[in-house]
Amino acid sequence: MRRPLMITAVAAVAWLAAAATEARAAARPQITRVDVTTMNSELVCTIISTGLFTEQVVNTVESGLPAVVELLYRVVDSRDHSLRRGLYSMEIRCDVWNNVYALVRDDTSYTYASFALVSAAVERLEQVPVMPLSALDDATDISVEWAIAVYPLRGKEQESIVGWVQEQVGGQSSRTWREQVLNIDDLIRRLSSKDTGRRSAWFRSPSYRPPVEKERP
Amino acid sequence: MKSIRSRLVVMCLVVAALPAVPLALAVQSLLDKTFNVGLNETMEEALKSGVAMSRDAWDEQCARFAGDVRALLVDLGGALPDSGRVALAMKSRASLGSTLHGFVLARATGAAGDTLDTPLLSFSANETYQRLTGNRSFITKPSGTGGDLRLFESTDRSLLLATWTPPAGNERLLLFSQTDPSFLRRAEDLIAARQLFATLQLTRAGLTRSFFYSFVVIYGACVVLALALSLLIAERIATPIRRLSAGAGMVAAGDWGYRLDIRGGGETGHLVDAFNDMVARLDDQRRRLVDMEKMAAWREVARHLAHEIKNPLLPIRLTIEELRDQYRGDDPAFRALLAESTRVVGEEVEQLQRLVRQFSEFAKMPELEVRAGSLDALAHDVAALYPQVTTTHAAADPLDRFPFDPEAMRRVLINLYDNAVAMMPAGGTVVRTSVQCADGQAVMRVGDNGPGIPPEHRARIFEPYFTTRREGTGLGLAMVKNAVLLHGGDIAVESTVGAGTTFIIRLPLAGPPPAPAAHREA
C-alpha cells in the first residue's frame, strides 16, 4: 500500500508545482504577435501584447509614479545567429492634477485622456525601430525575438520605498547595534531591491526577408 | 544514532527546529496583519478621494479664475482700457471675492509678439511679474478659451495666468491669480501619500517576503549556532564517556595502572575522579588479595613443614638419649663421644623444635580478636621494652577508640623493633611516630638509622623465609605483613642504603574487614 500512496503524493506535488508554474506564467505579460516590416530603410516591428498592466501597476501609475515599459529584442538569422540585440524603452506618466496620461516614446510625449488609452497604445506598439536595413546582409531570412517587461518602480522611486522601509524598521534601534550585530536593514534592502517588474517570455516573429536596398548613387 | 553524541545533536536540532513552523506561521500572519492595518481598501479609497478632491478644488479654482477674467474683460468692454480703468475694474471685482490678484500691462515685442517688454503698468504684481520673467515654466491650461484670451498655469501650480491681447495694438494684459500655498502643500502631501500607498501595495508581497526571509535567515543562523553548540557540548560530554568506556576496557584487560586524565568540572570531573578512585581501590584490594593468597599458600607450606619436621624430632631425641643411656661399655673415650653427640643432637633437635614452633605459629595465624583501644598506647608499652626506641610527635592520641587486635599488633611491633635492633648490631636509634590519621587511615611509622635495605631486597623482604641474617627464619616481616593485611591495612617500606629504613603501617579507621570464609577456614 505504501508505494501507490507515495506515487500519488509525488504526482500531487508535481501537479501542484505545474499548476503554480502555469498560474505564474498566466500572470506574466505575453506578446501575442509580432509583425516585421520595413519603413524608411529601417526594419520596424509591430508588437501586440496582453496582460501588461496589473491592477497594482495601474494604481501605481494613477498615483503619479512613472512606470517603465522595456522591450528587449534580438535579431536572429535563419541559423539562429544573433545579428543585433537592443532595448527599446518607454515611460508612462500620469499628471495627477489634470488626470491625463503621457506615453514618452522616442523623446516624444503622447498625451492620453485615460489609462485605458495608454494601455491600448502600449499593447499595440507600431513601427518600433529595430535596425537599419543597411546593417543587414542581402537575401537573409531574419526573425526578431521580443520580450516585454513592465517596471512600475525603477530607480529613485524604488530607492525611495526601500529607504522608507529602512526608516520604519531601523528607526528604533541604535546605529551601532545595527552595524555591528546584524544589519537587518541591509538584508531587507538586498531582498526587496529585487525588481518588482514582470517580464514576458521571448516571442519570435515569423521569418522575414528584408527587401534588398538599392544601391545609393 | 546510538551514540550519545548523535542523540544529543539530534535532540538539540529537534528542540531548535520544532518551533520553526509555528513561528514561521506566526511571523507570516503578523506581517500580513501589519500590512493590512495600513494597506486596506478603506485607506486606498480615502487617499484616492483626497487626491480627487484636491483636483476638483484646483479645477474649480481654475474655472473661477477664467470666469473672473472673462467678467473683467466684459467690464472693460472688450477694448484695451487705460490702466486706471483696469485697476478700477479689478478693485470692484475684488470686493466680490475675485480670484484676480494682479495685472501687468506690457508691450509685446518680438517677431511672434510673445515677448513682453517693460511693463507699462502693473497692480499688485511686481513680484509675480518678476517670477513670471524668471525661469518659471508655464503650461497651457485647457480652458476652452481661444482667440486672444489664453489661460496658463505654472508647473508648480502656484500661479494662474491669463493673457489678453486686444484686437488692435501691440499691448497685452496679463492677469494673475496666486494659489493658496497651504492648499498646494496639503494636496502634494496627499499625492505623495497615495504614491507611497500604491508603491507599498505593489511591493507588499516582496516586502513580506523580505521580512520573512530575514526571519528565516536569522532563525537559520540560530539553528546553525544551536547545532554547533550542541556538537560542542555533545563532544564534551561524549569524550569523557568514551574514554571512560575505553578505560574500563583497559582495566578489565588487566591494566590496573590505567588512570583517566580528563580535566573537567561538574559531573564529568566527579565521574572521572570516581573512576580513578575506584580503579585505585580495586587495584589495592586486588594486590591485597594476591598478597593474602600468597600468604595463605606460605602458611600451608609452613604448616606442612612443621608437621613433617615435628613428628620425627621426638623419636630422634629419645633414640639418641636411649643410645646414650644403654651404653654399658668401659671405653671412656667412646662414652664421652656419645655424651657429646647426644648433647649436640639434643641441641639441634631443640633448635628444630623452635623452628617448628615458629612455623606453626606462622601457619596458624589465629582469627583477629578486635577490640577498641589505643594503638598508640599499645605501641608505647611495647616500645618501653626497647631502650633504643624513641617516639616522636607524642601528642594526644586522636584514636583512643580504634578497632584492632592488640595481640596481633603487639607481635607486629615486636617484630619490627626486633628487626630494627637486629639490623643495628653496633647500636642505633629506632624512631616511632605516634599514630596519625590521614585519608581515612591510621598511619604509624617505625624507622631506624641502620644500614638500610638494598633495592634488590626491598621487594622480597615480606616474603616468608627470605632473610639476610644467618640466624633469621625469614618469618618475622611475613607475619607482620600478614597481620596488617588481616586488619585490612597495608605496610610499605622506605629505605636508603646507609641511612636507614622506615616501615609505614596504614590501617583503615573503620577497623579490619570481615574475614572471608575461605580464610577463616584456612
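Because the structure is predicted, anything quoted here is derived from the model rather than measured.

A. View of the pairing of strand β3 (residues 67-77) of chain A. All names here are of chain A. Here 10 bridges tie β3 to strand β4 (residues 82-95), and the two strands are oriented antiparallel to one another. Residue pairing across strands places Val 75 opposite Arg 84, the latter belonging to β4. With antiparallel pairing between neighbouring strands as the criterion, β3 and β4 make up a hairpin whose turn holds 4 residues, including Asp 80 at a positive phi of roughly 70°. As defined by bridge partners, β3 adjoins strand β8 (residues 142-151) across 10 bridges and the pair is classed as antiparallel. The partner of Tyr 73 across the bridge, within β8, is Trp 146.

B. Here's a closer look at unusual backbone geometry. Residue Asn 40 of chain A is not a glycine yet carries a positive backbone phi of 50°. With respect to the element layout, Asn 40 of chain A can be found in the loop between β1 (30-39) and β2 (42-50). Notably, Arg 157 of chain B is not glycine yet its phi reads approximately 60°, a positive angle. Here Arg 157 of chain B shows up in the loop between β4 (149-154) and β5 (159-164). On the basis of neighbour counts, which here come to 17 C-beta atoms within 10 Å, the residue Arg 157 of chain B falls in the partly exposed class.

C. The packing of helix α2 (residues 55-62) of chain A against helix α6 (residues 181-252) of chain B, seen in detail. Remark: α2 of chain A packs on α6 of chain B, axes separated minimally by 8 Å, with the N-to-C direction vectors making an angle of 160°. With respect to their mutual orientation, α2 of chain A and α6 of chain B come out roughly antiparallel. Both α2 of chain A and α6 of chain B take part in a crossing whose hand is left-handed. Within the contact between the two elements, α2 of chain A uses Gln 56, Asn 59 and Thr 60 of chain A and α6 of chain B uses Ala 198, Thr 199, Gln 201 and Leu 202 of chain B. For the contact of α2 of chain A with α6 of chain B, a count of residues per class yields 2 nonpolar, 5 polar and no charged.

D. Geometry of the sheet that holds β1 of chain A. All names here are of chain A. An order of β1-β2-β7 is seen for the 3 strands of this open sheet, with the pairing classed as antiparallel. With partners counted over all chains shown, the strands left at the sheet margins are β1 and β7 (124-132), one partner each. On average, each strand axis in the sheet is tilted by 25° relative to the strand beside it, whichever way the strands run.

Definitions and cut-offs
Residues numbered from 1 in each chain as written. Chains lettered and ligands numbered in written order. Predicted model: local features only at pLDDT ≥ 70, side-chain atom pairs only at ≥ 80, totals over all residues. Pairing = 2+ DSSP bridges. Helix = DSSP H or I, 4+ residues; strand = E, 2+ residues; numbered from the N terminus. Buried ≥ 20, exposed ≤ 12 C-beta atoms within 10 Å, placed from the backbone. Axes fitted to C-alpha atoms, helices over the stretch in contact; angles between N-to-C directions. Parallel < 35°, antiparallel > 145°, perpendicular 65-115°, else oblique. Left-handed = near helix turned anticlockwise from the far one by under 90°. Contact = placed C-beta atoms within 7 Å. Nonpolar A, V, L, I, M, F, W, Y, C, P; charged D, E, K, R; others polar.

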